[in-house]
Amino acid sequence: QVQLVESGGGLVQAGGSLRLSCAVSGRTVSNYNMGWFRQAPGKEREFVTCISWGGDNTYYADYVKGRFTISRDTAKNTVYLQMNSLSTEDTAVYYCAASNYLMATSATQYVYWGQGTQVTVSS
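Conventions and cut-offs
For every chain, the first residue of its written sequence is number 1, and the numbers climb from 1 along that sequence. Reporting of local features is limited, given that this is a predicted model, to residues whose pLDDT is at least 70; pairs of side-chain atoms are given and counted only at 80 or more, and all residues count toward the totals for whole chains, interfaces and linings. Water and hydrogen atoms were dropped before computing side-chain values, which therefore reflect all heavy atoms in the structure. A pair of aromatic rings is counted whenever rings of Phe, Tyr or Trp (Trp by its six-membered ring) have centres within 6.5 Å, and the orientation is called stacked for planes under 30 degrees apart, edge-to-face for over 60 and tilted otherwise. A ring is scored as having a charge over it whenever the NZ atom of a lysine or the CZ atom of an arginine sits within 6 Å of its centre and within 35 degrees of its normal. We call two strands paired when DSSP finds no fewer than two bridges between them. Strands are runs of DSSP state E lasting at least two residues, helices are runs of H or I lasting at least four, and both sets are numbered from the N terminus onward. Angular values range over 0 to 180 degrees, each being the angle between N-to-C directions of two axes fitted as lines to C-alpha atoms, with helices fitted over their stretch in contact. Note on classification: 1.4 Å probe, protein chains only; a residue is buried when its accessible area is under 20% of the maximum for its type, exposed when over 50%, partly exposed between these limits. Whenever a nitrogen or oxygen atom comes within 3.5 Å of another N or O atom, the pair is scored as a polar contact, on the condition that within protein one atom can donate a hydrogen and the other can accept it, and that pairs from neighbouring residues in sequence are kept only if both atoms are in side chains. Note on terminology: a nonpolar core comprises buried Ala, Val, Leu, Ile, Met, Phe, Trp, Tyr and Cys residues joined through side-chain atoms within 4.5 Å. Any two residues having at least one pair of non-hydrogen atoms within 4.5 Å are treated as being in contact.

A. Molecular detail of the packing of aromatic side chains. With the rule as written, the count across this model stands at seven aromatic pairs. Three or more aromatic residues joined by ring pairs make a cluster, and in this case those are Phe37, Phe47, Tyr59, Tyr95, Tyr110 and Trp113. It is Arg45 that lies over the ring of Tyr95; its NZ or CZ is 3.8 Å from the centre. Sitting above the plane of the Trp113 ring, Arg45 keeps its charged end 4.8 Å from the centroid.

The following block contains the structure:
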């Protein structure tokens, strides 16, 4: 059984940075295409970014492009989300997920999900 555990969330001031981690157990991270989603209060879950199983392809939603970076460490079986220049609009619960689809942007294409980690950006 595949388990995903996010960590690294917290409270940060606008303009600050955070790095989220997603530890994968049960299977190696290179078996899946990995993605990050987020869900703000009262809003639907939305795609943030994804990385291919080989780690050589990434894709970002327009609203995080240039500010967020996804990466992975196969030795640690972990996926990361580096978030810079955070704004209050980035406040949400962030989820990592695993997919069998390459460069998947829809939540329905992901089969395994973490429990989420809260990111709160204060003004």
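On we go from here.
B. The sheet that holds strand E7 (residues 68–73), seen in detail. Strand order in this open sheet of four strands is E1-E3-E8-E7, and the pairing throughout is antiparallel. Of all strands in the sheet, those with a lone pairing partner are strand E1 (3–7) and E7, marking the two edges. Across this sheet, the average inter-strand angle for adjacent strands is 15°, counted without regard to direction.

C. Region of the structure containing the side chain of Thr91. Positionally, Thr91 belongs in the loop between strand E8 (78–83) and strand E9 (92–99). Judged by its relative accessible area of 19%, Thr91 falls in the buried class. Of note is the side chain of Thr91, whose polar atom sits 3.1 Å from the backbone oxygen of Thr88. Here Val121 takes part through its backbone nitrogen, which lies 2.9 Å from a polar atom of the side chain of Thr91.

D. Representation of the nonpolar core within the structure. Grouped together as the largest cluster of nonpolar side chains are 34 residues, with contacts concentrated most on Met34, Trp36, Met83 and Tyr94. Broken down by secondary-structure element, the contributors of at least two residues to this core are strand E3 (18–25), strand E4 (33–39), strand E5 (46–51), E7, E8, E9 and strand E11 (117–122). Per-element accounting of this core gives the leading share, five residues, to E9.

E. Representation of the environment of Tyr60 in the model. Position of Tyr60 among the secondary structure elements: in strand E6 (residues 58–60). A C-alpha to C-alpha distance of 8.3 Å links Tyr60 and Phe47, two positions 13 residues apart in sequence. Each residue touching Tyr60, except ones within four places of it in the same chain, is listed here: Phe47, Val48, Thr49, Lys65, Phe68, Thr69 and Ile70. A distance of 2.9 Å separates the side chain of Tyr60 from the backbone nitrogen of Ile70, its partner in a polar contact.

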